[in-house]
Amino acid sequence: MRVRICLLLAVVLAAFNATAVARPAPDGFSTLVKRLSPTVVNISTTQAAPANALRAGTQTGGPGDFRDRIAGGSSQSAGQSLGSGFIIDATGFIVTNRHVVAGARSIAVTLADGQKLPAALVGQDSKTDLALLKVSPNGPLPAVSFADSDQSEVGDWVVAIGNPYGLGGSVSVGIVSARNRELNLGSYDDFIQTDAAINSGNSGGPLFNLDGEVVGVNSALLSPSGGSVGIGFAISANLARPVIAQLRSFGAARRGWIGVRVQAITPGLAESLGLDKPRGALVSNVTRNGPAESAGLQPGDVIVRFDGKEVDAMRSFPRTVAETEPGKAVAVDILRRGKAQTLRLQVQKLAEADDGAAGAAPTPAQRAAPRGVGLRLAALSPELRQQFAVPDGVNGAVVTAVDTLGSAAGHDVRPGDVVVKAGTQWVTRAEDFEAQLAAARAA
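Residues numbered from 1 in each chain as written. Predicted model: local features only at pLDDT ≥ 70, side-chain atom pairs only at ≥ 80, totals over all residues. Heavy atoms only, no water.

**Q** In this structure, what is going on with the overall build of the protein? I would like to understand it.
**A** For the protein, the helix and strand inventory stands at 10 helices and 25 strands. For the protein, the accessible surface area stands at approximately 21,800 Å², while carbon and sulfur atoms represent 52% of it. (Helix = DSSP H or I, 4+ residues; strand = E, 2+ residues; numbered from the N terminus. Areas by Shrake-Rupley, 256 points an atom, 1.4 Å probe, with all protein chains shown as cover.)

What follows is the structure, given as structure tokens:
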């Protein structure tokens, strides 16, 4: 056994050493910066009313509670904000953040050579905070392309070039600190975290790899002071690329929709569903008359493959569906009570909808608290449907509060979630859930 362990250790060390020396640190970044700087632009906007332009993306709550994006600039009588962008086409198409140009009366782009051009807004997408601009240059402009950000690894060198605090052409260098970060800033969060200095005004600027490709669009920072503390975030290139392509073609993002709500599968859920490990996306609700219902999907089904793409975890599933062309017929592989099935459905176009309106908190008479779980449930009243934006076709008991130290919080249960089934029994009241808990304890 000892020989085997030693051999395995040698293999691991050999693999580590091969990786460690595969890409040595460069002697400097000047050559790369000289090549890339002409592709980065400064963006200024004027607005009809004074703007709160210095929004530093500060942390206002617990970890991951981001209230603002980094916009940068100054607040003047006409209302001005400054940001960054980068050229993706020699004819003058420029990528930036939506929040840099949101509400702008006019947009101006300043090129690296000092030339200032008016810009038109081609399209914008609030869900990913991306926007596409177009200028009309006198000749071809230098342009850059998106990288395959899935190939970026933690520890890779990255270079940020942008317009922090109106100081155009500023360069900062760091590494990829983490990947696939969720910041609760939108429905399709996929951020690259970096320790390269990101400040107000860097919004919309590029995060480059050492090949000179854009791995991310700088968008947010975490800071108790408003300045860079080495925790910045860029929208991943693989999330940005298809959105930008749709903005260019249609002026808006076109996302697929099938009419299901899904939840993550925890180790405990995996065991109860008969899975060997947590995988797939668990269907918690099916929209009435939607594509999923027409195809036969049911609450309790586990989606393991969609249109030929593996669904390893719940968080990747909404993005996979969203990136599917509306009108396309796809195969959906599911597990239902442990048995594999394949269903077929036609993806529809996602309609833009409000995120939901806040309402009054439920009264004590509306609440019930199953013991030992750490959550409060209530029957779905019209007021609670409005408060938590629960569609009319959803029936069950709504979660009104979650104890952060309880087991429910540990399984990512959140206020506004609707319990539709407990074990094999449908739930319409808090008492239904409590009965299932009692039965589980007895068993």
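Picking up where we left off.
**Q** Is there a simple way to think about the sheet that holds strand β7 (residues 157-162) in this case?
**A** For sheets, the rule is that strands pair by backbone hydrogen bonds, running either parallel or antiparallel. Taken in spatial order, the six strands line up as β7-β8-β9-β12-β11-β10 and close into a barrel, and their pairing is antiparallel. Each neighbouring strand pair of the sheet contributes to a mean axis angle of 45°, computed without reference to strand direction. Here strand β9 (residues 191-194) runs beside strand β12 (residues 232-236); their pairing, made up of four bridges, is antiparallel. Paired with Q193 across the bridge in β12 is F233. Here helix α4 (residues 237-250) sits on the sheet and contacts β11 (214-221) and β12; the angle it forms with β12, its principal contact strand, is near 50°. (Pairing = 2+ DSSP bridges. Axes fitted to C-alpha atoms, helices over the stretch in contact; angles between N-to-C directions. Contact = heavy atoms within 4.5 Å.)

**Q** Even after reading the chapter, I still don't get the nonpolar core, so can you show me in this structure?
**A** General note: in soluble globular proteins, nonpolar side chains tend to be found buried as a group. Counting 34 residues, the largest nonpolar core has F86, I88, V95, F146, F208, V217 and I244 as the members making the most contacts within it. When contributions to this core are tallied by element, the ones reaching two or more residues are α2 (30-36), β2 (80-89), β3 (93-97), β6 (130-134), β7, β11, β12 and α4. Considering each element in turn, this core owes the most residues, six residues, to α4. The next biggest cluster of nonpolar side chains, apart from the first, holds 20 residues, and it includes V260, F306, V311 and L345. (Core = buried A, V, L, I, M, F, W, Y, C linked by side-chain atoms within 4.5 Å. Buried < 20%, exposed > 50% of the residue type's maximum accessible area, 1.4 Å probe, protein only.)

**Q** What should I look at first to understand unusual backbone geometry in this one?
**A** The bulk of non-glycine residues show a negative phi, and the bulk of peptide bonds are trans. Phi at D129 takes a positive value of approximately 60°, unusual for a residue other than glycine. By the secondary structure assignment, D129 is in the loop between β5 (116-125) and β6. Residue D129 is classed as buried on the basis of its relative accessible area of 4%. Despite not being glycine, D307 shows a phi value in the positive range, around 55°. Among the structural elements, D307 can be located in the loop between β16 (302-306) and β17 (309-310).

**Q** For this particular structure, what's the right way to read the pairing of strand β4 (residues 104-110)?
**A** Note on strand geometry: in a regular strand, side chains alternate between the two faces of the sheet. Here strand β1 (residues 40-47) pairs with β4 via six bridges, running antiparallel. Of the residues in β4, the one forming a bridge with T45 is I107. Two strands pair when backbone bridges link them, and β4 and β5 are joined in this way by four bridges, in the antiparallel orientation. Of the residues in β5, the one forming a bridge with I107 is A119.

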